[in-house]
Amino acid sequence: MKLEDEARHKSEDVDDAVLTDVVLALQRRIEVNHDFDIPYLAGYSEDGRTVYIDRHLPRTMASQGRAVRLAPFLVTHEVVEKSLLDKLRLHYLHAHQIALRTERDAVRAAGVSWQAYQALMKRNGKPIDEEKVKAVPHDLDLTPYRDLKDFAVLDRLVKAAQRSKVGNSRSQPAAKSRTRAAGE
């Protein structure tokens, strides 16, 4: 698809339709994987081409009588965050704040209540100390955990990733559960 074709709506003002175009454009460029245990519910590969969403997180939520997919909002957050970390070398907390606000606006642009979305995320977010990390992608970017000095989680992630690398078939996710975000 040509870049100009992705920008279906045109406005230099804050516009929900333009943001919806952005969310769709981001999804076309990213692989989404739901096979792993991901603390904080989502993360990204070191090369930024894959967004990992925790395997326990529901894929949809009910909003105004319809099922709304969660992946587009999480992809938006993770892509913005990863780009700010890699390209501008921001600290994780700063990149996360900008990404969270972008995610919030994408949720609202889709006609979903931010409060309802956040409540679902909080219900599904496991307390970090209780996280049973069993399957971790070998290429998960660990920058957020390092920047937050979350060494306990970082240690569990590294150990689980090493176990995955040493012969566990989950280190190479099954093709059936890897999806293009747009085709999910």
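Owing to the predicted nature of the structure, the values given are computational and were not obtained by experimental measurement.

Colleague: What am I meant to see in the confidence of the model for the chain here?
Modeller: Do not read the predicted coordinates in detail wherever pLDDT is low. Across the chain, pLDDT averages 85, with 79% of residues at or above 70. Considering only residues more than four positions removed or in separate chains, one finds that residues 167-177, a stretch of pLDDT under 50, has 18 contacts.

Colleague: Could you clarify how one ought to interpret the packing of aromatic side chains in this entry?
Modeller: Each aromatic ring pair is specified by the distance between its two centres and by the angle formed by the two planes. Evaluation of the coordinates by the stated rule reveals four aromatic pairs. Geometrically, the ring pair formed by Phe-36 and Tyr-52 is edge-to-face, given 5.6 Å between the ring centres and 85° between the ring planes. Of this pair, Phe-36 sits in the loop between strand S1 (31-33) and strand S2 (42-44) while Tyr-52 sits in strand S3 (residues 50-53), placing them 16 residues apart in sequence. The class of Phe-36 is buried, set by a relative accessible area of 0%. Aromatic side chains Phe-73 and Tyr-117 sit 5.6 Å apart centroid to centroid with 90° between the ring planes, which places their arrangement in the edge-to-face category. In this pair, Phe-73 is assigned in helix H3 (residues 71-88) and Tyr-117 in helix H5 (residues 114-124), connecting sequence segments 44 residues apart. Accessibility classification places Phe-73 together with Tyr-117 in one group, the buried group. Put simply, the rings of Phe-73, Trp-114 and Tyr-117 pair up and form one aromatic cluster.

Colleague: Explanation requested: the side chain of Ser-63 in the structure shown.
Modeller: Following the sequence through the fold, Ser-63 ends up in strand S4 (residues 60-63). Not counting the four nearest positions on each side in its chain, Ser-63 is found in contact with Val-68, Gly-111 and Val-112.

Colleague: Teacher, can you tell me more about a nonpolar patch on the surface here?
Modeller: Nonpolar side chains collect at one region of the surface, where Tyr-40, Leu-93 and Leu-148 lie side by side and expose about 240 Å² of accessible area between them. One can find Leu-148 in the loop between helix H6 (143-147) and helix H7 (151-165). Judged by its relative accessible area of 32%, Leu-148 is partly exposed.

Colleague: Just to check I follow, could you spell out the environment of Arg-156 for this structure?
Modeller: Turning to its location among the elements, Arg-156 is positioned in helix H7. Take Arg-156: its relative accessible area is 26%, and that puts it in the partly exposed class. Between the alpha carbons of Arg-156 and Val-133 there is a distance of 6.7 Å; along the sequence they are 23 residues apart.

Each value, and the rule that gives it
- Residues numbered from 1 in each chain as written.
- Predicted model: local features only at pLDDT ≥ 70, side-chain atom pairs only at ≥ 80, totals over all residues.
- Heavy atoms only, no water.
- pLDDT = per-residue confidence, 0-100.
- Contact = heavy atoms within 4.5 Å.
- Phe/Tyr/Trp six-rings, centres within 6.5 Å; stacked < 30°, edge-to-face > 60°.
- Helix = DSSP H or I, 4+ residues; strand = E, 2+ residues; numbered from the N terminus.
- Buried < 20%, exposed > 50% of the residue type's maximum accessible area, 1.4 Å probe, protein only.
- Patch = residues over 30% accessible without salt bridge, like charges linked within 9 Å, V, L, I, M, F, W, Y side chains within 5 Å.
- Areas by Shrake-Rupley, 256 points an atom, 1.4 Å probe, with all protein chains shown as cover.
- Salt bridge = Lys/Arg side-chain N within 4 Å of Asp/Glu carboxyl O.

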